[in-house]
Amino acid sequence: MLPRIILHLDMNSYFASVEQQANPFLRGKPVGVVATMTPNGCVIASSIEAKAKGIKTGVRVKEARAIDPNVILIPNDSSKYRSCTEGIFRILRQYTEDIEMYSIDEAFLNLTGFVPSYSQAETMAADIRQRIQAEVGDWLRCSMGIAPTRWLAKFGGDTAPKGATLIVHRGNLHQTLDPRPLTDAWGIAHNLERRLNLLNLYSLGDLRRYPVINLMQVFGINGYVLWANVNGIEIPGLRTPEQPKSIGHSHVFSRKAESLDYPKAVLAKLCEKAGRRLRRLDLEAYGVWLSYGVPDWVAARIGRAGGGGGKKLPYALYDTHDIFRHCWQMLLDDLPKRALPNFLAMGLFYLKPRSRQLRLWSSLAPPIDRATSRSWRSLSDDMERGPALAQALDTLNDQFGDFTVARGSFWGLNEKDAPDRVGFRKTVTYDPAADRYVW
Ligand SMILES: [Mg+2]
């Protein structure tokens, strides 16, 4: 039987490297790509030179400038990164058709049957690296991991030295994995690390040798997954890009919220983006989460930096409006009195192919909006018109540009915080109460 061989590829300092590729003046200099060019905006990618100075992903603009006044900060330009990614994936597709595009700069390639051995996989990795530099950009570097499972390949790619390939196979699994700290593992963050420490587990070797039954008593099925991952047992296989596990969007506010109107408009936009993606993939969601952050001075008062919520639902979400009202309710339920967020994130999970089933239970009627004491929309409206209307709006917006048409009364926004203030292009709105379009 041919050995199972999975290759994980991860571009190094991707957005910053693409900027350096595009502009040779930036090469060899500390560069940070930022989400929004405000003092509290986050650096979402820093170049190797910036990382060496301590400007890591996630630091704020003002902190980055304090660490190195000479840091070059650039607003993110997603179309540039996307076109580079297309070039990279075009190369990858020439090696295997079994590819999982994991993110904009990461991919898994199933090489099982395409190469007979790990040494030939390593030769292929070197070839891919050389072609990316020759055909996409000579400043672009990537790390790769090659292993018998998807999880170990990712572990290899994550822990390989920058620009190098790490091979993990049955013969060197223990030696490679065992001395590493728990948080080197994909999926183990500080929270889980603390819980594993309580079981006296401190390294990946400790985890690998721990009785799986004991792990399952504490963590349930996730305990099995943890154990199987570090023991080189494949769990999920490759997921196809057509069906992501979750769909989510987030936004760091570019200005201070004076009331809930601005967060509401931002949330409406995030929900619309997620809803559009959901419908384009012909999926529906049985889970939704929301998370928010608050400014430092509020965090000091309330003792936490943010909050949020998440829930599984007995029925499917499909329409933007349904997604929005769940998220909005979770925000209102969790937000401390008089606090306003400066960051919002939301996501959909438990995604399934669309069943086209209607809701049955009146107890699931839409919640009441606290601010206006009115129901967002009637249940019958939901059942009969919701999906068809959502698709009609999507079709119009696909043809004429995002947010050409949006439901007017749906957002419940004040004029001054109308969605176009956060980037909507509002030319026509649909008023469901009057069942007509408003120009
Ligand atoms: Mg990367």
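Predicted model, so just to flag it, every value in this text is computed and none were measured. (Residues numbered from 1 in each chain as written. Predicted model: local features only at pLDDT ≥ 70, side-chain atom pairs only at ≥ 80, totals over all residues.)

A few points about the environment of Trp328
Part 1 of the argument: Here Trp328 shows up in helix α14 (residues 320-334).
Part 2 of the argument: Apart from residues no more than four positions distant in its own chain, Trp328 is found in contact with Lys264 and Leu267. (Helix = DSSP H or I, 4+ residues; strand = E, 2+ residues; numbered from the N terminus. Contact = placed C-beta atoms within 7 Å.)

Describing the nonpolar core
Part 1 of the argument: Ranked by size, the top nonpolar core spans 57 residues in total, and within it Leu7, Leu111, Ala121 and Ile146 carry the most contacts.
Part 2 of the argument: Of all the elements, helix α5 (residues 118-135) adds the most residues to this core, at 5 residues.
Part 3 of the argument: Mapped onto the domain boundaries, this core takes at least three residues apiece from domain 1 (1-169) and domain 2 (175-235).
Part 4 of the argument: Residues contacting Leu7, with those up to four places away along its chain left out, are Leu109, Leu111, Ala121, Ala125, Met144, Ile146 and Ala153.
Part 5 of the argument: Core analysis: the second largest hydrophobic core is formed by 33 residues, Tyr262, Ile323, Cys327 and Leu351 among them. (Core = buried A, V, L, I, M, F, W, Y, C linked by C-beta atoms within 7 Å. Buried ≥ 20, exposed ≤ 12 C-beta atoms within 10 Å, placed from the backbone. Domains from an automatic or database assignment.)

With respect to the sheet that holds strand β8 (residues 165-167)
By definition, the strands of a sheet pair up through backbone hydrogen bonds, in either a parallel or an antiparallel sense.
Part 1 of the argument: Taken in spatial order, the 5 strands make up an open sheet running β5-β6-β1-β7-β8, and their pairing is mixed. Only two strands of the sheet have a single neighbouring strand rather than two, namely β5 (99-103) and β8. Between one strand axis and the next, the sheet turns through 15 degrees on average, direction left out of account.
Part 2 of the argument: Where strand β7 (residues 142-147) lies against β8, 3 bridges are found, and the strand directions are parallel. Paired with Ile146 across the two strands is Ile167, which belongs to β8.
Part 3 of the argument: Relative to β7, helix α6 (residues 150-159) is tilted by about 145 degrees, and along the sheet it contacts β1 (6-11), β6 (106-110), β7 and β8. (Pairing = 2+ DSSP bridges. Axes fitted to C-alpha atoms, helices over the stretch in contact; angles between N-to-C directions.)

Description of the sheet that holds strand β4 (residues 72-75)
Part 1 of the argument: Strand order in this open sheet of 3 strands is β3-β2-β4, and the pairing throughout is mixed. Two strands lie at the open edges of the sheet, namely β3 (43-46) and β4, each paired on one side alone. With strand direction ignored, the average angle separating the axes of adjacent strands in the sheet is 30 degrees.
Part 2 of the argument: Here strand β2 (residues 31-34) pairs with β3 via 3 bridges, running antiparallel. Across the sheet, Val33 pairs through a bridge with Ala45, a residue of β3.

Describing the confidence of the model for the chain
Part 1 of the argument: For the chain, per-residue confidence averages 82 on the pLDDT scale, and 80% of positions sit at 70 or higher.
Part 2 of the argument: For the stretch residues 237-242, pLDDT sits under 50, and the model shows 11 contacts to residues farther than four places along the chain or on other chains.
Part 3 of the argument: Within the model, the stretch residues 414-431 combines pLDDT values under 50 with 49 contacts to residues more than four positions away or in other chains. (pLDDT = per-residue confidence, 0-100.)

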